[in-house]
Amino acid sequence: GIQVEQSPPDLILQEGANSTLRCNFSDSVNNLQWFHQNPWGQLINLFYIPSGTKQNGRLSATTVATERYSLLYISSSQTTDSGVYFCAVERKRNNNDMRFGAGTRLTVKP
Amino acid sequence: EPEVTQTPSHQVTQMGQEVILRCVPISNHLYFYWYRQILGQKVEFLVSFYNNEISEKSEIFDDQFSVERPDGSNFTLKIRSTKLEDSAMYFCASSEVGGHYNEQFFGPGTRLTVL
């Protein structure tokens, strides 16, 4: 099956710092989504981004589908950004199952 | 904004008991999914459902699991005889279409604890 690798596995930042999270995938994809899992375990949709670039406030994401990677940028980080960030992809075979990476655990310190 | 809802938020059960986890997908969505996340691990796909039948399932989704859309709004996951290793967070998701442009929207999850 498709492999999804996220890096770094852990990231500790001071409040106000910027960061880049990376997601590499091993096959062509129909769908790529970024999620934030909050301390209560809820998965919050951040971006649906199978290709191109999107921005939402302090967050932005870029997917280069031809090179099989996606980046999530967090600028001016806040303590509420802490949590685990997951990348998930759906392989280009129309089989509808999303494969998740292992996540990046972000800790933002005040 | 429409959202996927799940009930209960937390369920505790004894090993060997049957549990039913409930989900209400977004109303105009046609594809429904269940995922699970064992504590500290990645989210894993269980099953997808379209047009009242399973369209895809993973190796985790064995005979102990079943899914159903009993009416026009609910989508359920049944575990027939729970094991300790079924303890996990279970997420329901839905999407408007499958394949291309298949953004999936996730519910808040049900935390299942098997004692």
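By convention here, each chain's residues receive numbers from 1 onward along its written sequence. Chain letters start at A and ligand numbers start at 1, both assigned in the order the entries are written. Whole-chain, interface and lining totals are the exception, using all residues; otherwise, since this is a predicted model, local features are given only for residues with pLDDT of at least 70 and side-chain atom pairs are given and counted only at 80 or more. Side-chain metrics rest on all non-hydrogen atoms present in the structure, leaving aside hydrogens and water.

**Q** In this structure, what is going on with the interface of chain A and chain B? I would like to understand it.
**A** Facing 22 residues of chain A, the contacting portion of chain B comprises 23 residues. Here chain A packs against chain B, burying approximately 1,800 Å² in sum over the two surfaces, 52% of which is carbon and sulfur. The working definition used for a salt bridge is a side-chain nitrogen of Lys or Arg within 4 Å of a carboxyl oxygen of Asp or Glu. The interface formed by chain A and chain B includes zero salt bridges. As used in this structure description, the phrase polar contact means that two N or O atoms lie within 3.5 Å; if the pair is within protein, one of them must be able to donate a hydrogen and the other to accept it, and residues adjacent in sequence are counted only when both atoms belong to side chains. Counting every contact that joins chain A to chain B gives four residue pairs in polar contact (both at pLDDT 80 or more). Contributing elements (two or more residues each) for the side of chain A that touches chain B: β4 (29–37), β5 (43–48), β9 (83–91) and β10 (98–100) of chain A. In terms of residue count, β4 of chain A provides more of the side of chain A that touches chain B than any other element does, five residues in total. Polarity classes work like this: nonpolar for Ala, Val, Leu, Ile, Met, Phe, Trp, Tyr, Cys and Pro, charged for Asp, Glu, Lys and Arg, and polar for all others, with Gly in that last group. Here the residues of the side of chain A that touches chain B are counted per class, giving eight nonpolar, 11 polar and three charged. Should any heavy atoms of two residues lie within 4.5 Å, those residues are counted as being in contact. Accessible area, probed at 1.4 Å, shrinks when two parts are joined; the buried area is that loss added up over both. Runs of H or I in DSSP of at least four residues are treated as helices and runs of E of at least two as strands, each being numbered from the N terminus.

**Q** Would you mind showing me how to read the side chain of Gln-37 of chain B here?
**A** With respect to the helices, strands and loops of the structure, Gln-37 of chain B is situated in strand β4 (residues 31–37). A polar contact is formed between the side chain of Gln-37 of chain B and the side chain of Gln-37 of chain A, at a distance of 2.7 Å. Within the local environment of Gln-37 of chain B, its side chain forms a polar contact with the backbone oxygen of Gln-41 of chain B, the two atoms lying 3.0 Å apart. Beyond its immediate chain neighbours, meaning those up to four positions away, Gln-37 of chain B contacts Gln-37 and Phe-86 of chain A together with Lys-42, Val-43, Ala-88, Met-89 and Phe-91 of chain B.

**Q** I tried to follow the state of the cysteines on my own but got confused; where do I start?
**A** Residue and element names in this part refer to chain B. Two cysteine sulfurs form a disulfide in these notes if their separation is within 2.5 Å. Applying the stated criterion across every chain yields a total of two disulfides over all chains. Each sulfur in the disulfide pair Cys-23 and Cys-92 lies 1.9 Å from the other. Where Cys-23 bonds to Cys-92 through sulfur, the torsion about that S-S bond is close to -60°, and the disulfide is left-handed. Of this pair, Cys-23 sits in strand β3 (residues 19–24) while Cys-92 sits in strand β9 (residues 88–95), placing them 69 residues apart in sequence. For the pair Cys-23 and Cys-92, one class covers both residues: buried. Between buried and exposed lies partly exposed: a residue is buried under 20% and exposed over 50% of the maximum accessible area for its type, with that area taken using a 1.4 Å probe on protein chains only.

**Q** How should I be thinking about the packing of aromatic side chains in this particular structure?
**A** Between rings of Phe, Tyr and Trp, where Trp is taken as its six-membered ring, a pair exists when centres lie within 6.5 Å; planes separated by under 30 degrees are stacked, by over 60 edge-to-face, and by other angles tilted. Here the structure, examined in full by the defined rule, presents 14 aromatic pairs over all chains. Taking the centre distance of 5.5 Å and the plane angle of 25° together, the rings of Phe-35 of chain A and Phe-100 of chain A count as stacked. Of this pair, Phe-35 of chain A sits in strand β4 while Phe-100 of chain A sits in strand β10, and the two are 65 residues apart along the sequence. There is no split in this pair, since Phe-35 of chain A and Phe-100 of chain A are both buried. Between Phe-35 of chain A and Phe-106 of chain B, the aromatic rings sit 5.0 Å apart at their centres with planes inclined by 75°, giving edge-to-face as the arrangement. Taken together, the positions of Phe-35 of chain A in strand β4 and Phe-106 of chain B in strand β10 (residues 105–106) put the pair across two chains. Classification of Phe-106 of chain B by relative accessible area gives buried; the value is 9%. Aromatic rings pair up to connect Phe-35, Phe-86 and Phe-100 of chain A together with Tyr-33, Tyr-35, Phe-45, Phe-91 and Phe-106 of chain B into one cluster. We call a charge positioned over a ring when the NZ of a Lys or the CZ of an Arg lies within 6 Å of the ring centre and within 35 degrees of the ring normal. Over the ring of Tyr-69 of chain A we find Arg-22 of chain A, and its NZ or CZ is 4.2 Å from the ring centre.

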